[in-house]
Amino acid sequence: MGGTPADPALARPQQITHITLHHQGEPFPQGKDPVAYLRNLQTWSRNTKHWIDIPYHYIIDLDGRIYEGRRIDYAGDTNTEYDPKGHALIEVVGNFEEVQPNAAQLDAVVELMAMLARKYKVAPETIHGHKDYSAQTVCPGANLYRHLADGSIQRRVSERLRQ
């Protein structure tokens, strides 16, 4: 999609033990190009934050398409105090303090989390949001977080794992 790979010499290797949900935290209007967003995120991450790459391993757009960000075997990054090493980081585009996630986004979250839970043997009940690890954020936003807080995402992931 036009991104460039991270420098492995700068990466922190990891093994996945957690799955953590994030939101973009900014409006993402219908029609915005997700590929251009990802390129801009990569540039900002490297040039401004001095991270090795996009901070997230997977990004889900408005249509529920899943994009690969940082390599999953490299620890992600965060603007908050928690250490995301061991976490598979999933970002859903949009600001979920202001808007609701749509059905395509929620379905993609469940499918991706089920795949990751199966592959890395992560129990669905241990799936959390960014704010569960940091007091410095409301991420993934109240309107997305409620799907974690009420257990619906974890239940749907468990159902997928039973299939």
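Structure shown above.
Structure report, in brief. Given the structure is predicted, the values throughout are model-derived calculations rather than measurements.

### Remarks on the pattern of salt bridges
Counted by the stated rule, this structure contains 8 salt bridges. One continuous salt-bridge network, built from bridges that share partners, spans Asp61, Asp63 and Arg65.

### Some words on the packing of aromatic side chains
Per the stated rule, a full pass over the model turns up 3 aromatic pairs. Centroid distance Tyr82 to Tyr133: 5.5 Å. Interplanar angle 20°. Geometry classified as stacked. In this pair, Tyr82 is assigned in the loop between strand S3 (66–68) and strand S4 (87–92) and Tyr133 in the loop between strand S5 (128–129) and helix H3 (142–149), connecting sequence segments 51 residues apart. According to the relative accessible area criterion, Tyr133 is partly exposed, its value standing at 24%.

### Brief notes about the side chain of His57
Assignment of secondary structure puts His57 in the loop between helix H1 (34–47) and strand S2 (58–60). According to the relative accessible area criterion, His57 is buried, its value standing at 0%. A distance of 3.3 Å separates a polar atom in the side chain of His57 from a polar atom in the side chain of Gln14.

### So, the sheet that holds strand S1 (residues 18–23)
Judged by pairing direction, the sheet is mixed, and its 5 strands sit side by side in the order S3-S2-S4-S1-S5 without closing on themselves. The open sheet has two edge strands with one neighbour each: S3 and S5. In the sheet, S2 pairs with S4 via 3 bridges, with the strands oriented parallel. Residue pairing for S4: Ile59 is matched across the bridge by Glu91. Against the sheet, H1 contacts S2, S3 and S4, and its axis sits at roughly 30° relative to S3.

### Some thoughts on the environment of Arg71
Residue placement: Arg71 occurs in the loop between S3 and S4. When its relative accessible area of 42% is taken as the criterion, Arg71 is described as partly exposed. A distance of 2.7 Å separates a polar atom in the side chain of Arg71 from a polar atom in the side chain of Asp73.

### What about unusual backbone geometry?
Cis rather than trans, the peptide bond between Cys139 and Pro140 has omega equal to 15°. Looking at where Pro140 falls in the secondary structure, it is placed in the loop between S5 and H3. Within the chain, His50 stands out as a residue other than glycine whose phi angle is a positive 60°. Along the polypeptide, His50 turns up in the loop between H1 and S2. For His50, a relative accessible area of 64% corresponds to the exposed category. Phi is positive for Lys121, which is not a glycine, with a value near 55°.

Scoring rules and cut-offs
- Residues numbered from 1 in each chain as written.
- Predicted model: local features only at pLDDT ≥ 70, side-chain atom pairs only at ≥ 80, totals over all residues.
- Heavy atoms only, no water.
- Salt bridge = Lys/Arg side-chain N within 4 Å of Asp/Glu carboxyl O.
- Phe/Tyr/Trp six-rings, centres within 6.5 Å; stacked < 30°, edge-to-face > 60°.
- Helix = DSSP H or I, 4+ residues; strand = E, 2+ residues; numbered from the N terminus.
- Buried < 20%, exposed > 50% of the residue type's maximum accessible area, 1.4 Å probe, protein only.
- Polar contact = N/O pair within 3.5 Å; in protein donor to acceptor, adjacent residues only side chain to side chain.
- Pairing = 2+ DSSP bridges.
- Contact = heavy atoms within 4.5 Å.
- Axes fitted to C-alpha atoms, helices over the stretch in contact; angles between N-to-C directions.

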